[in-house]
Amino acid sequence: MMAGRNSLFIPGPTNMPERIRLAMDVNTEDHRAISAPDFMVPLFEDLKKIFRTDKGEVIVFPSSGTGGWEAAITNTLSPGDKVLTARFGQFSSLWIDSCRALGIEVEDIDVPWGEGAPVGQIAERLAADTQHEIKGVIVCHNETATGVTSDIKGVRAALDACNHPALLYVDGISSIGAIEFEMDAWGVDLAVAGSQKGFMLPTGLGIIGVSQKALQAGETASCPRFYFDFKMMINQTRTGFGPYTPAMGLLRGLRASVDVLLEEGMENVWQRHHRLAEGVRQAVAAWGLSTCAKTPEWQSDTVTGVMVPEHIDGQEIVKRAYQDYNLSLGGGLTQVAGKLFRIGHLGDLNECMLFSALGGAEMVMRDLGMDIEPGKGVGAAIEYWHKNK
């Protein structure tokens, strides 16, 4: 076994603060105890502050983020309903697959990987939909496969410009709790997050922000649902309990996670992620490489896809990093498999932690024969962070 700890820089699950880990290190507890509401009710109120909603509800299911997707779809749509979305990466593609599997008709806009949701094309499709056949617009806020962030505010403006009543669904799994997200201000109706990203927890909680408009849609939505039923969950959690056994250990960790985020302040969390991400991008440029995000407007502050030369296999970089240096980087998925490697930079992290990702990547690239000057990327990151304290 290799000495030292694993340096984890995949785009989720993310590094877990000791405070959060210890919060979950508790004896089994009675989830029906009369004291349970004293813990549960304030937690759900404080979760609204992370999503930035006063008007909506936050629902937590024992599931991965994919369970949150399914809950968002089945609680607000009926088989045969039509949604509009864009395909520009692995996870935006999986949204399309999940909708179709649940009997939803999907109109998708195909976008080159490395770009985000095409606000102009979405606006055109919505304006042409004068009969309002489109019931929802689904946008992957942060496409983890490519390191691309989309303009959710712009999509809401497109909906408002033509007074379209469609619900706005946002995949915020690798954005909420890490980069700017404003549920109420941006008019988001359904926002899906996962515990293993910005919330810095193990996988196991699907966390969903739901607007009042989305809850109203649930009154007529006819997709089958039981485990993922919004109404059942909300009615029970308002009392401080759940409709079935909750994941109490994870919820204890979630309480600590929310405290950590709110103590730092969400604006400060967003600024920290941007500053650290920009240091990584400076390193990439110093290596003479480019990001998968085609232009700066698309660049994500939670994960960077680093394009590699044609003669280099990005998957080999990931393999050798783990095998030789106990460094976990993300690989390319489907269309970009082998063409890039990914550095995740979200959650509990700082400059010195990121040095290990950048320095380890430099060593691996040199091992594979790439012309990388030792310390060039690390030095560029240091220079940026030093000037932008």
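None of the values given here were measured: they were computed from a predicted structure.

**Focus on unusual backbone geometry**
- Between Gly-12 and the following residue, Pro-13, the backbone shows a cis peptide bond with an omega angle of 0°.
- Within the secondary structure layout, Pro-13 lies in the loop between strand S1 (7-9) and helix H1 (18-24).
- One non-glycine residue, Arg-52, lies in the positive phi region at around 65°.
- Note that Arg-52 resides in the loop between helix H2 (36-51) and strand S2 (57-62).

**Let's talk about the packing of aromatic side chains**
- Going through the model one piece at a time under the given rule, you end up with seven aromatic pairs.
- For the ring pair Phe-61 and Phe-228, a centre distance of 5.2 Å and an interplane angle of 80° mean the geometry is edge-to-face. Placement of the pair is Phe-61 in strand S2 and Phe-228 in the loop between helix H7 (212-217) and helix H8 (230-237), with a sequence separation of 167 residues.
- Residue Phe-228 is classed as buried on the basis of its relative accessible area, which comes to 16%.
- On the numbers, 4.6 Å between centres and 5° between planes, the contact of Tyr-227 with Tyr-244 is stacked. Here Tyr-244 lies in the loop between H8 and helix H9 (248-264) and Tyr-227 lies in the loop between H7 and H8, a separation of 17 residues in the sequence.
- Judged by relative accessible area, Tyr-227 falls into the partly exposed class, the value being 34%.
- Taking the relative accessible area as the measure of exposure, Tyr-244 reaches 18% and is therefore buried.
- Pairwise contacts between aromatic rings join Phe-61, Tyr-227, Phe-228, Phe-230 and Tyr-244 into one cluster.
- Residue placement shows Arg-252 over the ring face of Phe-39; its charged tip is 3.9 Å from the ring centre.

**Points about the sheet that holds strand S11 (residues 303-307)**
- Taken together, four strands build an open sheet; the order of strands is S1-S12-S13-S11 and the sheet is mixed. Where the open sheet ends on each side, the last strands, each with one partner, are S1 and S11. Strand-to-strand twist in this sheet, taken as the mean axis angle between neighbours without regard to direction, amounts to 35°.
- Relative to strand S13 (residues 340-344), strand S12 (residues 327-331) runs antiparallel, the two sharing two bridges. The partner of Gly-330 across the bridge, within S13, is Arg-342.
- Its contacts with the sheet put helix H11 (residues 314-325) on S12 and S13, and the angle it makes with S12 is roughly 165°.
- The sheet contacts of helix H12 (residues 351-367) involve S1, S12 and S13, and relative to S1 the element is tilted by about 90°.

**A look at the pairing of strand S8 (residues 167-171)**
- Within S8, five of the five residues are buried, which leaves the element mostly enclosed by the surrounding structure.
- The alternating pattern of S8 places Leu-167, Tyr-169 and Asp-171 on one face and Leu-168 and Val-170 on the opposite face, and all of these are buried.
- With five bridges joining them, strand S5 (residues 134-140) and S8 adopt parallel strand pairing. For Cys-140, the partnering residue across the bridge sits in S8 and is Asp-171.

**Points about the sheet that holds strand S10 (residues 205-210)**
- The sheet built from seven strands is open, its strands ordered S2-S10-S9-S8-S5-S3-S4 with mixed pairing. Edge positions in the sheet fall to S2 and strand S4 (105-110), since each of these pairs with one other strand and no more. Put simply, the sheet's adjacent strands are angled 20° from each other on average, direction ignored.
- Bridge count for strand S9 (residues 190-194) against S10 is five bridges, and the pairing is antiparallel. Residue Ala-193 lies in a different strand from S10, and its bridge partner there is Ile-207.
- Across the sheet, H2 lies against S2, S9 and S10, angled at about 105° from S2, the strand it touches most.

Cut-offs applied
- What you see as residue numbers is a count from 1 along each chain, following the sequence as written.
- Local features in this predicted model are restricted to residues whose pLDDT is 70 or higher, and side-chain atom pairs enter the listing and the counts only when it is 80 or higher, whereas totals over whole chains, interfaces and linings include all residues.
- With hydrogens and water set aside, each side-chain value is computed from the structure's full complement of heavy atoms.
- Labels follow the DSSP assignment, with helices taken as runs of H or I lasting at least four residues and strands as runs of E lasting at least two, numbered in each case from the N terminus.
- Note on aromatic contacts: the rings of Phe and Tyr and the six-membered ring of Trp form a pair at centre separations within 6.5 Å, being stacked when their planes are under 30 degrees apart, edge-to-face when over 60 apart, and tilted otherwise.
- The buried label applies to any residue whose accessible area, calculated with a 1.4 Å probe on protein chains only, is under 20% of its type's maximum; exposed applies above 50%, and partly exposed to all values in between.
- Only lysine NZ and arginine CZ atoms are considered, and such an atom sits over a ring when it is within 6 Å of the ring centre and within 35 degrees of the ring normal.
- Criterion used throughout: strands pair if DSSP finds at least two bridges between them.
- Helix axes use the C-alpha atoms of the stretch in contact, all axes being lines fitted to C-alpha atoms, and the angles between their N-to-C directions lie in the range 0 to 180 degrees.
- It only takes one pair of heavy atoms within 4.5 Å for two residues to be counted as in contact.

By themselves these figures say nothing about function.
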